[in-house]
Amino acid sequence: VLSVYFFSLFATMKHEPIVHPKYPHEYKKLTFNEMRRLLQDIRQNPVRKPALVYFCGMELLQNHAGALGDEIWSIYEQVLIAALDVNQIADAEFCWVKLSDRFSKESQRVQRLKAMILEAEGNYDLAEEVYKDILEETNKCDIHSHKRRVAIAKARGNRADAIGKLEEFLKLYQTDEEAWHELACLHLDGCEYSKACYCYEELILHDPNNWMFMLKYAECLYSLGEKKHMLEARKYYAQSICLHDSVRNLRSYYGLWICCIMLATQYNMKDNAENKDLLKWVVSKLRGLYTTHCSEGQAAKPLLMLKMNQLSE
Amino acid sequence: ICRNPSRKVEPYIFPKHNRRKTKMKCADVAYVKAILHAFKHPSQAVCGLLLGKMEYEALLVTDCMPLFHLQTTISPMFDVALLQAKAFCKDKGTTVVGYYVANEALHDDKLSAHTVKVATRIEKTFPNAVVWQLINTRIKPDSDSLAITVYTSSGKDGKNWTPASNTTDGRVDFVQLHSWADGCTVPIHSDVVFGTLTSAIKAFRFKGLVDLDDSLDHISQDVWNVDLNAALGLSISAGTAAAALVGAAAAAIVCTSSKKSS
């Protein structure tokens, strides 16, 4: 009896990595437990896969609602948002009605979801009013309402307004990494590379060991274009490789490579020993990555590119 | 029977619609892959390069290289992409001839400032470059209309981009490239291409499309989408004879099915 108890305990503690099915014909083959684990996994590690979430969620809600317990309310919320993403507004309203029956209509979270439905229908003015009410009457610091207001400004095409609202939000929450990242993306959409650099600098201050922030900062610096920025970019690409030396960081290797080539060809650093050494090192690393991880046919074109751009010594 | 020598014989002038000068011919591969790229990332801006060459007086777009869906405005990986395209095109005799872009907002069909910058840069290396601005509202599972606006540059410094005059009525000349045709292009009707696109979308082929962002995150993914080209049964400009036969058979099937449906 004891051994059975311990076995079941270990079975529930087992964490296998979940594989998300890629093609819709695979969605129908999922079992109830698999769908449930999938939705749990997407709640914990958020990715934007609305078709998958909508399909699994509707299947669970319509056919297995009794077996879900209290988890059902999280699933209603998740399916509401996914339904808005795939333009199934009626199903989103259905989920909202269930949520507002269980948690009252005065609940902030329920009101926010209603505003999201209004946004999806295109009623941006009404949605803005709801968010304004939440911010003024109930909770001045509601993170999600602030962020949705920025999203509305962006959806209307008003990039400057979105940036203004996001900066206002960042005055309240200076450590919100997602918001700094979104501000950087908004600046990059308008090609304001120096302002995007400032945002990435803030992110690096928050987390100096994150190789992705170094990488994105280096890309912004490169896009600024002058020699001093190119040298800085080269430095940050190298730092990103130091922090994470793997095939997943292929962008940093390519970034370092293209920086060295641009410095040599366009910024008169052809005879610079440091640049030449770096270039040689990164070319050998890239060759190694392609020969290790790719078949011969796939590696042919990148290796040809590396060969074609080898600067004559 | 006796001909009057003083009678003037006027040369036969072909009717005007046959004399329309084609400025751009597009291979079905290029168009279908570009639209599938935009379809794969519905909430993000996408962009890519167009590869091709000049053929007689017309521009022939033979293939496209999907580039980015995460952030389209930063330059380092774009420079890498240009070098990769150069290596890929080396043995095919093609070059980078244009840029296609789909904006993030649904109703945004205008060229952004960044697009003009990129296009001007491509124009410097290839004087007849084109820009395809994808029309987001026309990208849908039942494609029945051309979802691109082709822009060419007028003006001496190549900065003034306007819609190309032979496509304001929405027509683009589609061709197929077959290796059995010895480098000649086989003209096909746009309905055939739209049919291929519709069937590709319904079969979720866009999930297998790889762009440069994907291949930088997963090194073994092939940014030239050779297997996708084969799976779509589309003509490949440098395919094997077997693949070309498959392509021809599939095209024939698509032709008959689209004729049945229309």
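Residues numbered from 1 in each chain as written. Chains lettered and ligands numbered in written order. Predicted model: local features only at pLDDT ≥ 70, side-chain atom pairs only at ≥ 80, totals over all residues. Heavy atoms only, no water.

A.B. asks: Can you help me understand unusual backbone geometry in this one?
C.D. replies: For residues besides glycine, phi is generally negative; the peptide bonds are generally trans as well. Positive phi values are uncommon outside glycine, yet C191 of chain A reaches one of about 60 degrees. Inspection of the secondary structure puts C191 of chain A in the loop between helix 10 (177-189) and helix 11 (193-206). The exposure class of C191 of chain A is buried, given its relative accessible area of 19%. Its identity as a non-glycine residue notwithstanding, N225 of chain B has a phi of 55 degrees, on the positive side. Among the secondary structure elements, N225 of chain B is positioned in the loop between helix 5 (212-217) and helix 6 (226-232). In this structure N225 of chain B comes out as buried when scored by relative accessible area, which is 1%. (Helix = DSSP H or I, 4+ residues; strand = E, 2+ residues; numbered from the N terminus. Buried < 20%, exposed > 50% of the residue type's maximum accessible area, 1.4 Å probe, protein only.)

A.B. asks: Please explain the sheet that holds strand 8 (residues 173-177) of chain B as it appears in this structure.
C.D. replies: Residue and element names in this part refer to chain B. Sheet architecture is open: nine strands sit in the order 7-6-5-4-2-3-1-8-9, paired in mixed fashion. Each end of this open sheet is capped by a strand with a single partner; those strands are strand 7 (160-163) and strand 9 (185-188). Between one strand axis and the next, the sheet turns by 35 degrees as a mean value, whatever way the strands run. Here five bridges tie strand 5 (residues 130-134) to strand 6 (residues 148-154), and the two strands are oriented antiparallel to one another. Bridge pairing in strand 6 links V130 to T152. Across the face of the sheet, helix 2 (residues 76-89) comes into contact with strand 2 (46-55), strand 3 (58-68) and strand 4 (95-102) while running at roughly 130 degrees to strand 3. (Pairing = 2+ DSSP bridges. Axes fitted to C-alpha atoms, helices over the stretch in contact; angles between N-to-C directions. Contact = heavy atoms within 4.5 Å.)

A.B. asks: In this structure, what is going on with the UniProt feature "coiled-coil region" (unreviewed entry) in chain A? I would like to understand it.
C.D. replies: The UniProt record marks residues 110-137 of chain A with the feature "coiled-coil region" (unreviewed entry), using the residue numbering of this structure. Helix makes up 93% of residues 110-137 of chain A and strand 0%, whereas the separation of the span's terminal C-alpha atoms amounts to 15 Å. (UniProt positions renumbered as here; feature names shortened; annotations may be inferred.)

A.B. asks: Which parts of the structure should I look at to understand the packing of aromatic side chains?
C.D. replies: The geometry of an aromatic ring pair comes down to the distance between the two centres and the angle between the two planes. Enumeration over the complete set of coordinates arrives at 17 aromatic pairs over all chains. A ring pair is formed by W180 of chain A and Y198 of chain A, whose centres lie 6.3 Å apart and whose planes are at 65 degrees; its orientation type is edge-to-face. In this pair, W180 of chain A sits in helix 10 while Y198 of chain A sits in helix 11, placing the two residues 18 residues apart along the sequence. For W180 of chain A, a relative accessible area of 8% translates into the label buried. Given the relative accessible area of 47%, Y198 of chain A is considered partly exposed. Ring plane angle 55 degrees and centroid distance 6.1 Å describe the contact between Y31 of chain B and F194 of chain B, whose orientation is recorded as tilted. Of this pair, Y31 of chain B sits in helix 1 (residues 28-40) while F194 of chain B sits in helix 4 (residues 190-202); the two residues are 163 residues apart in sequence, bridging distant segments of the chain. Side by side, Y31 of chain B and F194 of chain B carry an identical accessibility label, which is buried. Sitting over the ring of W96 of chain A, K114 of chain A keeps its end group 4.8 Å from the ring centre. (Phe/Tyr/Trp six-rings, centres within 6.5 Å; stacked < 30°, edge-to-face > 60°. Lys NZ or Arg CZ within 6 Å of the ring centre and 35° of its normal.)

A.B. asks: Where do I start with the side chain of D79 of chain B in this structure?
C.D. replies: Note that D79 of chain B resides in helix 2. Not counting residues within four places of it along the chain, the set of residues in contact with D79 of chain B comprises Y222, I258 and M262 of chain A together with R121 of chain B.

A.B. asks: How do you make sense of the interface of chain A and chain B when you look at a structure like this?
C.D. replies: When the parts of a complex come together, some accessible area is lost, and that lost area is often taken as the interface size. The interface of chain A with chain B comprises 34 residues on the first partner and 32 residues on the second. Both sides together, the interface formed by chain A and chain B hides about 3,000 Å², and carbon and sulfur atoms give 62% of it. Where chain A touches chain B, the interface holds four salt bridges. Here chain A is connected to chain B by 10 residue pairs in polar contact (both at pLDDT 80 or more). (Buried area = accessible area lost by both parts, 1.4 Å probe. Salt bridge = Lys/Arg side-chain N within 4 Å of Asp/Glu carboxyl O. Polar contact = N/O pair within 3.5 Å; in protein donor to acceptor, adjacent residues only side chain to side chain.)

A.B. asks: In this structure, what is going on with the pairing of strand 5 of chain B? I would like to understand it.
C.D. replies: Two faces make up the sheet, and in a regular strand the side chains alternate between them. Residues and elements named next belong to chain B. Of all five residues in strand 5, five are buried, a share of seventy percent or more. Burial of strand 5 is two-sided: the residues V130, W132 and L134 facing one way and the residues V131 and Q133 facing the other way are all buried. Examined bridge by bridge, strand 4 and strand 5 share four bridges and lie parallel to one another. Each bridged residue has a counterpart across the sheet, and for Y99 the counterpart in strand 5 is V131. Crossover connection from strand 4 via helix 3 (residues 113-125) to parallel strand 5: handedness right-handed. (Right-handed = clockwise from strand over helix to strand, strands pointing away.)

A.B. asks: Honestly, helix 6 (residues 108-121) of chain A in this entry has me stumped. Any pointers?
C.D. replies: Along an α-helix, a turn takes 3.6 residues, which lines up residues three or four apart on a common side. Residues and elements named next belong to chain A. An ideal rise of 1.5 Å per residue puts 20 Å on 14 residues; helix 6 measures up with 20 Å between its terminal C-alpha atoms. Buried within helix 6 we find V110, R112, L113, A115, M116, I117, L118 and E119. Tucked into the core, helix 6 has its buried residues touching helix 4 (71-85), helix 5 (89-102), helix 7 (124-138) and helix 8 (143-155). G122 occupies a position one or two residues after helix 6 and carries a positive phi of about 100 degrees. (Expected span 1.5 Å × (residues − 1).)

A.B. asks: Looking at this structure, I do not really get the environment of M214 of chain A. What am I missing?
C.D. replies: All names here are of chain A. Turning to its location among the elements, M214 is positioned in helix 12 (residues 211-224). Accessibility expressed as a relative area gives 5% for M214, which makes it buried. Taking the C-alpha atoms as reference points, M214 and A233, separated by 19 residues in sequence, lie 9.2 Å from one another.

A.B. asks: Could you clarify how one ought to interpret the nonpolar core in this entry?
C.D. replies: Among the nonpolar cores identified, the biggest contains 130 residues, and Y254 and W257 of chain A together with Y31, L49 and W132 of chain B are the most heavily contacted of them. Residue contributions to this core peak at 11 residues, all from helix 14 (residues 250-266) of chain A. If we skip the residues at most four places from it in the chain, W257 of chain A touches L279, V282, V283, L286, M305, L306 and N309 of chain A together with V80 and L83 of chain B. C56, A83, L84 and I152 of chain A belong to the second largest nonpolar core, which has 36 residues in total. (Core = buried A, V, L, I, M, F, W, Y, C linked by side-chain atoms within 4.5 Å.)

A.B. asks: Honestly, the pattern of salt bridges in this entry has me stumped. Any pointers?
C.D. replies: Pairing is possible between side chains of opposite charge, provided their charged atoms come close. Enumeration over the complete set of coordinates arrives at 28 salt bridges over all chains. Taking the shortest distance from any N to any O, the salt bridge between R159 of chain A and E192 of chain A comes out at 3.3 Å. With R159 of chain A in helix 9 (residues 159-172) and E192 of chain A in the loop between helix 10 and helix 11, the pair connects residues that are 33 residues apart, well separated along the chain. R159 of chain A sits in the partly exposed class, given a relative accessible area of 26%. Under the relative-accessibility criterion, E192 of chain A is labelled partly exposed at 24%. The residue R251 of chain A makes a salt bridge to D217 of chain B at a minimum N-O spacing of 3.5 Å. Within this pair, whereas R251 of chain A is found in helix 14, its partner D217 of chain B is found in helix 5, the two belonging to separate chains. With relative accessibility at 25%, the residue D217 of chain B sits in the partly exposed group.

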